[in-house]
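Structural overview
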Amino acid sequence: MAYAHPDVTLFNLLMGMLAHLPRLEQLQTDYSRLQQLSDDMPISIGKILEDNARQYADRPAIFFEDLSYTHAEFNALVNQYAHTFADHGIAKGSVVVVFLENRLETVLLISALAKLGAVASLINANQRAAVLLHSIKADQGQHFVIGEDRIDAFEDIRPDLNLSETDILFWMINRGDQELPKDYLPLADLVQKAPSENLACTQNICLGDRFANIFTSGTTGMPKASKQTHRKWYACYLWYGKLNMNLNAHDVLYVALPFFHTNAMIVAWPSAAAGGAAMVIRRKLSISNFWKDVKRYDVSAFIYIGEVCRYLMNKPESPSDAQHRIRAIIGNGLRPDIWKAFKQRFHIQQVNELYGASDGTVAFTNFFNLDCTVGVSMADYAIVRYDVDNEEVQRNSDGFMERVEIGQAGLLLGHLTEQTHVPGYVNPAKNKERILHDVFEAGDRWFNMGDLVRDIGCGHVQFADRLGDTFRWKGENVSTAEVEAIINQLPEVSHSAVYGVSLPHIDGRAGMTSIMSPQAVEEFDLGRFARILRDQLPSYAVPMFLRFVQEFDKTATHKIKKSVLKQEGIEHMDPIFVLLPGGEAYEALSPSTRQDIQQGRIRF
């Protein structure tokens, strides 16, 4: 489990809170106002874009590679997409599958559909095969926007979608000369012929309307479509944008994270929009180009995940580390062991570390700019005792849960009342799985956030770990059940367990699978095994390590005790193999390779 940090003491927290006492009172007032938002209020993403187009008309809104748009120009282009979609039958409530890599058009599509009251079902661009098919079918509409970079993956599963003659496929080409595939409409060409005026229907979109699906692995099983509403986006617009980041029309926010995840779409985008700031969209994170981009676009803030900060710290020091005007960053996962060094090296004044989940009810934010904490939450939450070994909450002799003491880690829960706003999942049955009953008293209801956090006092917490069947690697949630489903169908595997293991000098957890096989280790085709996993899984979900076991240690309910396997990691006498960067097959983990990994000489 994750650790506390010596700089995080009750005294430091208390002094920090007292120094910001007036702000705490203001935050409580503003949070109360947020709670008064109602689903029928006529506020939406589209209206905010139109307001910004009037208020900040000539200020830059978007930078993408060699393109740039002012707020007025961006809104006009969004309108052209919206008019095009409306001409093809897309209206309020329509679901549109969006499957393309991270780029300018992603935000244009989301914005245009939001203006119509339609839903952009944002498929993770890394998904393939069965996982991709599952995600599309989770909320399959009759319209599809497919990028030229993802056409092969989509065509592989297209026969299983049972498309009808009324379904419409849009081809989203990336300013190239590729030939239009059969049965697709050229979206970019259609947009150029559309009007750029605002649409009247945008005025009828309300906070409670859904504008997107974000797919999350959650804690178990295949990806689940979590509903994203205009209310959630607007709440983040107020909370992170107006109250926390406080960006203005002269700021530039750098976004190198994908918009099919909430970090970019629900945190970064509304934070920029709240002050009329510009947003730099990068197709894919590049650490070697990070500071070049910062200089090129005159960046003043950026959104991060912990891996980004770690990668930047691992680069050799350079004068460019301090030659910028970045004053604030926002994100999650900045680890305590590099927190202060990161701020000092890169001259960062404000770290807006946060905690939240696309499907959750509780969010924490480091409003007071204190070190090594995800901050405070205005929501009613609890941290309860959790049995990591048996992977279950602990209840006392009366059948109720108990809160942890300060300094301890436990399962984070959010209190559910009649006023609690829970967008939840597209599949209502999945919501029930996350709700715990009779937690502290008979009849109460609490939402299981699926994460362990540490209570460090004064209302502050630290993120500790993810639960059970999900771990985080390369900024992505890896569902172990998804990976196990593919491995277990192979004839050379009797049973498998997939989990994440901690490695020195690396954020997140590297994937590892332990398998029981009817074959001898010497006969196991390690190259074929690697090829199958790479063909069937996103690259980040392919296990880095393979371990052969004779049997699994199980609980009384026949669940594999993954906690033991996680603790053992790559330190065990069982045969262990590794898929090294650039390798085609798993190879034996030699003592020298193990040492190179532990000392950070091999980077996955």
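What counts, and where the lines are drawn
- Residues numbered from 1 in each chain as written.
- Predicted model: local features only at pLDDT ≥ 70, side-chain atom pairs only at ≥ 80, totals over all residues.
- Heavy atoms only, no water.
- Core = buried A, V, L, I, M, F, W, Y, C linked by side-chain atoms within 4.5 Å.
- Buried < 20%, exposed > 50% of the residue type's maximum accessible area, 1.4 Å probe, protein only.
- Helix = DSSP H or I, 4+ residues; strand = E, 2+ residues; numbered from the N terminus.
- Contact = heavy atoms within 4.5 Å.
- Polar contact = N/O pair within 3.5 Å; in protein donor to acceptor, adjacent residues only side chain to side chain.
- Arc of directions from axis to C-beta.
- Pairing = 2+ DSSP bridges.

1. Overview of the nonpolar core
Among the nonpolar cores identified, the biggest contains 105 residues, and Y81, F85, F259, M265, W269 and F342 are the most heavily contacted of them. Considering every element that reaches this core, the biggest residue donor is helix α5 (residues 104-116), with nine residues. With residues up to four places along the chain from it excluded, the contact list for F259 reads N102, T106, V107, I110, L122, I214, A264, M265, W269, M279 and I281.

2. Topic: the environment of R472
Assignment of secondary structure puts R472 in strand β23 (residues 470-473). Sequence separation between R472 and G508 is 36 residues; the distance between their C-alpha atoms is 5.3 Å. Not counting the four nearest positions on each side in its chain, R472 is found in contact with I305, E307, R466, N477, G508 and R509. One polar contact links the side chain of R472 to the main-chain carbonyl oxygen of G475, over a distance of 2.9 Å.

3. A short note on helix α11 (residues 287-296)
Since the α-helix turns once every 3.6 residues, residues separated by three or four places project in the same direction. Along α11, the positions that sit buried rather than exposed are I287, F290, W291, D293 and V294. The buried residues of α11 all sit within an arc of 155° when viewed along its axis, so they share a single face. For α11, exposure combined with an orientation more than 90 degrees from the buried face picks out K292, K295 and R296.

4. Quick word on the sheet that holds strand β25 (residues 495-501)
Here we have five strands laid out as an open sheet, ordered β25-β26-β27-β28-β29, and mixed in their pairing. Taken across any chain shown, the strands that pair with only one partner, and hence form the sheet edges, are β25 and β29 (587-588). Sheet topology note: the strand β27 (residues 545-548)/strand β28 (residues 576-578) ladder contains three bridges and is antiparallel. Looking across to β28, one finds that F545 is bridged to V578.

Coordinates in, geometry out; function isn't part of it.
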